[in-house]
Amino acid sequence: MNASEVKDILVINPGSTSTKITIYTKQNTEILYENNIVHDEQKILEFPTVASQKNYRKGIILDELNDKGYDLKNLTAVVGRGGMLFGLKGGGYKINDKMYNEMASSKLPQHASSLGALLAYSIAQPLGIPSFIYDSTMGCDLLDIAKVTGISEIEKYGATHLLNSRAQAIKYAKSKGKDYKEMNFINCHMGGGITANAMKGGKVIDTAAYDDGPMAPERSGGVPLLLFKQLCFDGKHTEEDMEKLIAGKGGLYSYLGTKDAREVEKMIEEGDSYAAMVYEAMGFQVAKSIAGLSCALEGKVDVIILTGGVAYSKWLTEKIKKYCGHIAPIEVMPGESEMEALAAGTLRMLTGEEEIKEL
């Protein structure tokens with residue numbers, strides 16, 4: 001397909017309590033429409049699994065586009081944020097029945113990114129157009145030694161915010177007149193969840209994820225296993241409870257009752273010393289994860305990038321710099337370029353510039 005034949009691309013990026021949608025048109029050069037749909041958190045909590053939210057979110061997306069008078073027949077493709085499917089590599093995949101069914105499995109880590117494939121496929125299929133995911137959260141190329149966990153039955157799979165990490169690494173490298181594949185990065189994306197990764201040659205070779213890395217606004221991060229085991233078998237917590245503690249009700253929410261870093265900073269401004277201690281602890285844990293990942297790069301780190309919505313917090317980024325600024329220069333690139341990156345990757349696949357993978 002020539003670039004001139006590509007009409008519109010619908011980009012869907014589900015978050016824990018929001019769904020971002022953007023329609024790119026004219027060969028990915030213009031945004032025709034964009035919106036960040038914020039969902040009722042209590043409504044989201046009613047669903048037993050991430051996949052069970054699909055019809056709810058799909059209905060809202062389609063209603064939104066219909067209200068704006070958009071004709072779905074103008075779409076060439078739909079792309080969703082990559083999900084938590086084990087074994088995926090970086091880059092793009094065409095969604096087929098096999099991927100859809102596997103991404104819907106309740107056995108996967110319950111992460112909103114998996115909805116990207118489910119929503120994209122369910123919207124694209126009736127239209128007879130392709131659907132894709134790009135730079136899945138699981139798209140890592142871990143070193144063999146990074147996969148070893150200490151328990152022979154369990155292999156580390158690697159999970160990270162690859163989409164935004166790569167986009168920001170590319171942007172940073174271009175600003176320095178370099179190819180990002182020739183640089184060594186430690187990227188830390190800080191949103192509702194926080195992940196960090198070591199990137200070499202354009203590939204993620206090690207990670208600190210939401211279940212073995214720093215705590216985050218709504219995730220526990222790695223916790224002492226013996227104490228965690230006690231909670232698992234105390235007779236008070238169900239398996240579902242433990243899942244929620246790991247992702248949803250852990251981190252800042254567990255300590256302070258809010259997932260909003262802005263609310264935490266307000267507490268600190270009003271003199272809440274406990275909130276300040278907890279918030280700094282999160283930054284301390286981020287710094288420790290960054291320091292650990294420097295080992296994967298043998299200490300040869302060109303830059304540490306702090307990105308994501310929470311990177312807007314100067315209070316927090318200054319704490320992180322305090323604890324790990326000795327490792328490499330720290331570049332704060334708040335926010336994210338995920339929607340643009342999803343559309344650009346899809347256009348490259350449609351025009352044959354980039355390989356289309358398939359399960």
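In short, a report on the structure. These numbers were taken from a predicted model, which means no experiment stands behind them.

Comments concerning a negative patch on the surface
A cluster of acidic side chains, namely E239, E240, D241 and E243, defines a negative patch on the protein surface. Topologically, E239 is positioned in helix α8 (residues 239-246). Residue classification places E239 among the exposed positions, given a relative accessible area of 66%.

Focus on helix α12 (residues 314-324)
Those residues of α12 lying buried are L316, T317, I320 and C324. Buried residues along α12 cover an arc of 95° about the axis, so they all sit on one side. Of the exposed residues in α12, the ones pointing more than 90 degrees away from its buried face are K314 and K322.

Overview of the layout of surface pockets
In this model, the largest pocket occupies a volume close to 1300 Å³. In this structure, the largest pocket is lined by 49 residues; those nearest its centre are Y157, Y210, D211, E243 and I246. Of all the secondary-structure elements, those providing two or more residues to the lining of the largest pocket are α1 (41-45), α7 (225-232) and α8. Element by element, the count of residues in the lining of the largest pocket is highest for α8, at five residues. Grouping the constituent residues of the lining of the largest pocket by class yields 21 nonpolar, 14 polar and 14 charged. Along its surface, the second largest pocket is lined by 35 residues, and S18, G191, G192, G309 and V310 are the ones closest to its centre. Those elements giving two or more residues to the lining of the second largest pocket turn out to be β1 (8-14), β2 (18-25), β7 (184-190) and α10 (261-269). When residues in the lining of the second largest pocket are grouped by element, the largest group, three residues, is from α10. By residue class, the composition of the lining of the second largest pocket is eight nonpolar, 16 polar and eleven charged.

Regarding the packing of helix α2 (residues 54-67) against helix α4 (residues 115-124)
It is the contact of α2 with α4, at a shortest axis distance of 10 Å, that shows an interaxial angle of 55°. Overall, the two elements α2 and α4 adopt an arrangement that is oblique. Read as a crossing pair, α2 and α4 show a hand that is right-handed. Of the residues in α4, those touching α2 at K54, R57, K58, I61 and L62 are L115, L118, L119, S122 and I123. Here the contact of α2 with α4 is composed, by residue class, of six nonpolar, one polar and three charged.

Details of the nonpolar core
In terms of nonpolar packing, the biggest core is built from 37 residues, with M190, Y279, I290 and I304 touching the most fellow members. At the level of secondary structure, the elements contributing two or more residues to this core comprise β7, β8 (194-200), β9 (203-208), α9 (251-256), α10, α11 (273-293), β10 (303-308) and α12. The dominant element in this core, judged by the number of residues it contributes, is α11, at nine residues. If we skip the residues at most four places from it in the chain, I304 touches I186, I290, C324, I327, A328, P329, I330 and E331.

Cut-offs used in this document
Residues numbered from 1 in each chain as written. Predicted model: local features only at pLDDT ≥ 70, side-chain atom pairs only at ≥ 80, totals over all residues. Heavy atoms only, no water. Patch = residues over 30% accessible without salt bridge, like charges linked within 9 Å, V, L, I, M, F, W, Y side chains within 5 Å. Areas by Shrake-Rupley, 256 points an atom, 1.4 Å probe, with all protein chains shown as cover. Salt bridge = Lys/Arg side-chain N within 4 Å of Asp/Glu carboxyl O. Lys, Arg positive; Asp, Glu negative; His and termini not counted. Charge placed at Lys NZ, Arg CZ, Asp CG, Glu CD. Helix = DSSP H or I, 4+ residues; strand = E, 2+ residues; numbered from the N terminus. Buried < 20%, exposed > 50% of the residue type's maximum accessible area, 1.4 Å probe, protein only. Arc of directions from axis to C-beta. 1 Å grid on protein atoms, 1.4 Å probe; cavity = no way out; pocket = protein on both sides within 12 Å on 5 of 7 lines; lining within 4 Å. Points joined across faces, edges and corners; volume = space filled by probe spheres on them. Nonpolar A, V, L, I, M, F, W, Y, C, P; charged D, E, K, R; others polar. Axes fitted to C-alpha atoms, helices over the stretch in contact; angles between N-to-C directions. Parallel < 35°, antiparallel > 145°, perpendicular 65-115°, else oblique. Left-handed = near helix turned anticlockwise from the far one by under 90°. Contact = heavy atoms within 4.5 Å. Core = buried A, V, L, I, M, F, W, Y, C linked by side-chain atoms within 4.5 Å.

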